[in-house]
Amino acid sequence: MSSPTLAKITTVGVVGAGTMGNGIAQACAVSGIDVIMVDISQEAVAKGLATVAGSLDRLIKKEKITEADKAAALARIKTSTDYAEFKAAQLVIEAATENHGLKVKILQQLDGLLAPEVLIASNTSSISITKLAAVTSRADRFIGMHFFNPVPMMALVEIIRGLQTSDATHDAVHALATALGKTPITVKNAPGFVVNRILVPMINEALFVLAEGLATPEDIDAGMKLGCNQPIGPLALADMIGLDVCLAVMEVYLNEFGDSKYRPCPLLKEMVAAGRLGRKTGHGVYKY
């Protein structure tokens, strides 16, 4: 049975008011989309809204938006601790912590509550969209919508089709991403999707190069910045992402693909074991 054409998305629900959730809420609100942002506590949603306000203030300082634009954007964001508020949305984006069990719990709650025609998207960066879709009764209306951090500044959205995702769902979400001023790319479901599938093994290889003593961290990063036109070197980027996150991603690839080319660099494992996780601990490849 072919899916009906879906209504234009004018109201978006966002689960989670953290870094990704409030960024998605801001991107929608600035583009004229109404937002319902829900988190587990009033404190969490208030903090998320304050982050959006601060981000908009920085845009005013740079003369990208006006005070009136800020007021209009904030007026479009409704906050709550109750999923029942999502009933006005045509799409709900789950942007909770990257934890499979937690996401499944949230998605099943949403699925039981939302009208059958409402679309659900996950902002996951690593979990199978096909598997997440399968825990709902609307697998054809489920999709991956992977935004990049910081959401208001980063132009890319990976739109990930699960095996069950309908063309109508894909087209509606693709149109929304474009309306947000983003550039969407369409990706089939596979570990790491496109960007992280290429990026994290490159970071892992940079750590092999470092471990073999081929060059200093500074020279490796300078080589990739100047020779490949990258704005930040792979080792500095690893410290920003978190070495523990890089290791976890490589372990997922090794596990899922069963291919030794994804084996994590022993130096990466060693640094994580030592608690040198990057910027968040003050020491990774570099000291901060």
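What counts and how
Note on numbering: residues in each chain are counted from 1, in written sequence order. Restriction of local features to residues with pLDDT of at least 70 applies here, the model being predicted, together with a cutoff of 80 or more for giving and counting side-chain atom pairs; totals for whole chains, interfaces and linings are based on all residues. For side-chain calculations, the full set of non-hydrogen atoms in the structure is used, while hydrogens and water are omitted. UniProt positions are given in the numbering used here, feature names are shortened, and annotations may be inferred rather than shown by experiment. Joining through side-chain atoms within 4.5 Å is the link that ties buried Ala, Val, Leu, Ile, Met, Phe, Trp, Tyr and Cys residues into a set, and such a set is a nonpolar core. Three exposure classes are used, based on accessible area relative to the maximum for each residue type with a 1.4 Å probe and protein chains only: buried under 20%, partly exposed in between, and exposed over 50%. Helix and strand labels come from DSSP, where a helix needs a run of H or I of at least four residues and a strand needs a run of E of at least two; each type is numbered from the N terminus. Note on contacts: a residue pair is in contact if any heavy atoms of the two residues lie within 4.5 Å. In this analysis, strands are considered paired if DSSP registers two or more bridges between them. Look down the strands so they point away from you; if the path from the first strand over the helix to the second goes clockwise, the crossover is right-handed. Multiplying 1.5 Å by the residue count of a helix minus one yields the expected span of that helix. Two N or O atoms form a polar contact when they lie within 3.5 Å of each other; inside protein one atom must be a possible hydrogen donor and the other a possible acceptor, and for residues adjacent in sequence the pair counts only when both atoms belong to side chains.

In the annotation of an unreviewed UniProt entry, the entry for the chain reads 3-hydroxybutyryl-CoA dehydrogenase, and the organism field reads Rhodoferax koreensis. What UniProt records for the chain under Sequence similarities (unreviewed entry) is the sentence "Belongs to the 3-hydroxyacyl-CoA dehydrogenase family."

Caption draft 1: A look at the nonpolar core. The biggest cluster of nonpolar side chains holds 37 residues, and the ones touching the most others in it are Val12, Ile24, Leu91, Ile93, Met145, Phe147 and Leu176. A per-element tally of this core places helix H1 (residues 19-30) first, with six residues. Beyond its immediate stretch of four places on either side in the chain, Leu91 contacts Ile9, Thr11, Val12, Gly13, Val118, Leu119, Ile120, Ala121, Met145, Val173 and Leu176. With 26 residues, the next largest nonpolar core counts Ile203, Ala206, Leu243 and Leu277 among its residues.

Caption draft 2: Seen up close, the pairing of strand S1 (residues 11-15). Counted residue by residue, S1 has five buried out of five residues, so it is predominantly covered. Residue alternation in S1 divides its side chains into two sets, Thr11, Gly13 and Val15 and Val12 and Val14, and both sets are buried. With five bridges connecting them, S1 and strand S2 (residues 34-38) associate as parallel partners. Note on S2: the bridge partner recorded for Val14 is Met37. Taken together, S1, H1 and S2 constitute a β-α-β crossover, and its handedness is right-handed.

Caption draft 3: Structural detail: helix H6 (residues 167-179). For H6, spanning 13 residues, the distance from its first C-alpha to its last is 18 Å, which sits close to the expected 18 Å at 1.5 Å a residue. By the burial criterion, the buried members of H6 are Ala168, Thr169, His170, Ala172, Val173, Leu176 and Ala177. Turning to H6, the residues buried within the fold contact S1, strand S4 (91-94), strand S5 (119-122), strand S6 (142-147), strand S7 (156-161) and strand S8 (183-188). Looking at the residues trailing H6, positive phi occurs at Gly181, about 80°.

Caption draft 4: Expanded view of unusual backbone geometry. Across the junction of Asn149 and Pro150, the peptide omega takes the value -5°, indicating a cis bond. Within the secondary structure, Pro150 is located in the loop between S6 and S7. Phi angles above zero are rare outside glycine, and Glu63 is one such case at about 60°. Among the secondary structure elements, Glu63 is positioned in the loop between helix H2 (42-61) and helix H3 (67-75). For Glu63, a relative accessible area of 73% translates into the label exposed. Positive phi, normally seen in glycine, also occurs at Asn229, with a value near 60°. Its place among the elements puts Asn229 in the loop between helix H8 (217-228) and helix H9 (234-241).

Caption draft 5: View of the UniProt feature "binding site: NAD(+)" (unreviewed entry) in the chain. The UniProt feature table records "binding site: NAD(+)" (unreviewed entry) at Gly16, Ala17, Gly18, Thr19, Met20, Gly21, Asp39, Glu98, Lys103, Ser125, Asn149 and Lys280. With a sequence span of 265 residues, these residues are also far apart in the fold, their greatest C-alpha distance being 24.4 Å. Ignoring sequence-local partners within four residues, the contact set of Met20 consists of Ala95, Asn123, Phe147, Phe148, Asn149 and Val151. Those residues within four positions of Lys280 in sequence are excluded, and the remaining contacts are Gly242, Asp244 and Val245. In this structure the side chain of Lys280 is engaged in a polar contact, spanning 2.9 Å, whose partner is the side chain of Asp244.

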